Amino acid sequence: MQPGPREFSNQCLIKRNKKTSTFYLYLALTPSFTDKGKFLLAARRFRTGAYTEYIISLDADDFSQGSNAYVGKLRSDFLGTNFTVYDSQPPHNGAKPSNGKASRRFASKQISPQVPAGNFEVGNVSYKFNLLKSRGPRRMISTLRCPSSSPPPSSSSSTDHNPCDVVSKMIKKPNKDGSGLTILKNKAPRWHEHLQCWCLNFHGRVTVASVKNFQLAASVDQSQPGGKGDEETVLLQFGKVGDDTFTMDYRQPLSAFQAFAICLTSFGTKLACE
């Protein structure tokens, strides 16, 4: 999927259905938190032994990994503190799919027939142990392989570039030093004495205090020239606005799929963090 815009954030809503363990992502078309907007993706949570998986699909009713609607998945460990993001598309030429039944699925609409189908590891999200053992703010770090936001060299004088062309030309096999990765860390909230809670400025996009709320900024961004991240610019923010409604605002270099996968990690209890 294409990365978000550079100068502003795509504003989205996540609707949760607790009975079916299903989450729906919509692109917001109005400022209202009650309007669904345009459907983008859906995810359903499955428990497989000691692990939990979220299957992400383009179809709100089809969560088969053999489906043409399959986009990728998110897998957690037993404690719910370490997650791996898998994409149905290879992140670079020569990438090998992860082992498992899911790698032997049918071809997807997202890739060409020449590209092998499978689950390709494209990122990780980790929640750090809370030394205070209190319901304080979670500490999280995300490492992702993101499309480059730098325009590829071209002999054309046109300034317009197809994002798919940018991805195909700029994403290459990662080096051992981790080049090509974007490392996101959560912005530390401040304790508000009057309100007696941890606070972040969500600029009106979050209305309910929750340990799930977070903002992520890049500490390292190899998709940018020089590879240095802007730790002040929020690339992804997620927060609660209702019992089962949450906002998700993301921007370049993240795609909707990557942002959605990161936000899904916030649901559920983190045994080692709380």
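A brief structural summary. In this text, all values refer to a predicted model and were calculated from it rather than measured experimentally. Every chain is numbered on its own, with residues counted from 1 as its sequence reads. Note on the predicted model: pLDDT of at least 70 is required for a residue's local features to be given, and 80 or more for side-chain atom pairs to be given and counted; whole-chain, interface and lining totals, by contrast, use all residues. Hydrogens and waters are ignored; side-chain quantities use all the structure's heavy atoms.

## Quick notes on the side chain of Ser-126
A run of H or I in DSSP counts as a helix once it spans at least four residues, and a run of E counts as a strand once it spans at least two, with each numbered from the N terminus. Within the element layout of this structure, Ser-126 appears in strand β7 (residues 120-128). Residue Ser-126 is classed as buried on the basis of its relative accessible area, which comes to 16%. Polar contacts here mean pairs of N or O atoms no more than 3.5 Å apart (in protein, one a potential hydrogen donor and the other a potential acceptor; neighbouring residues in sequence count only if both atoms are side-chain atoms). Reaching out from Ser-126, the side chain makes a polar contact with the side chain of Asn-82 at a distance of 2.9 Å. Whether two residues are in contact is decided by their heavy atoms, any of which lying within 4.5 Å being enough. In contact with Ser-126, other than residues within four places in its own chain, are Thr-81, Asn-82, Arg-139, Met-140 and Ile-141. Burial status follows relative accessibility: with a 1.4 Å probe on protein chains alone, a residue under 20% of its type maximum counts as buried, one over 50% as exposed, and anything between as partly exposed.

## Examining the packing of aromatic side chains
Paired rings are identified among Phe, Tyr and Trp, the last through its six-membered ring, by centres lying within 6.5 Å, and are further divided according to the angle between planes into stacked (under 30 degrees), edge-to-face (over 60) and tilted (the rest). In the structure shown here, the tally under the stated rule is eight aromatic pairs. Consider the rings of Phe-83 and Tyr-127, whose centres lie 6.2 Å apart with planes at 70°: the pair is edge-to-face. With Phe-83 in strand β6 (residues 82-87) and Tyr-127 in strand β7, this pair connects stretches of sequence that are 44 residues apart. In this structure, Phe-83 and Tyr-127 share a single accessibility class: buried. An aromatic cluster of at least three residues, connected via ring pairs, comprises Phe-23, Tyr-54, Phe-214, Phe-238, Phe-246 and Phe-267. Stacked on the ring of Tyr-86, the Lys or Arg Lys-73 has its end atom at 5.2 Å from the ring centre. Ring-over charges, as used throughout, are those where CZ of Arg or NZ of Lys falls within 6 Å of the ring centre and within 35 degrees of the ring normal.

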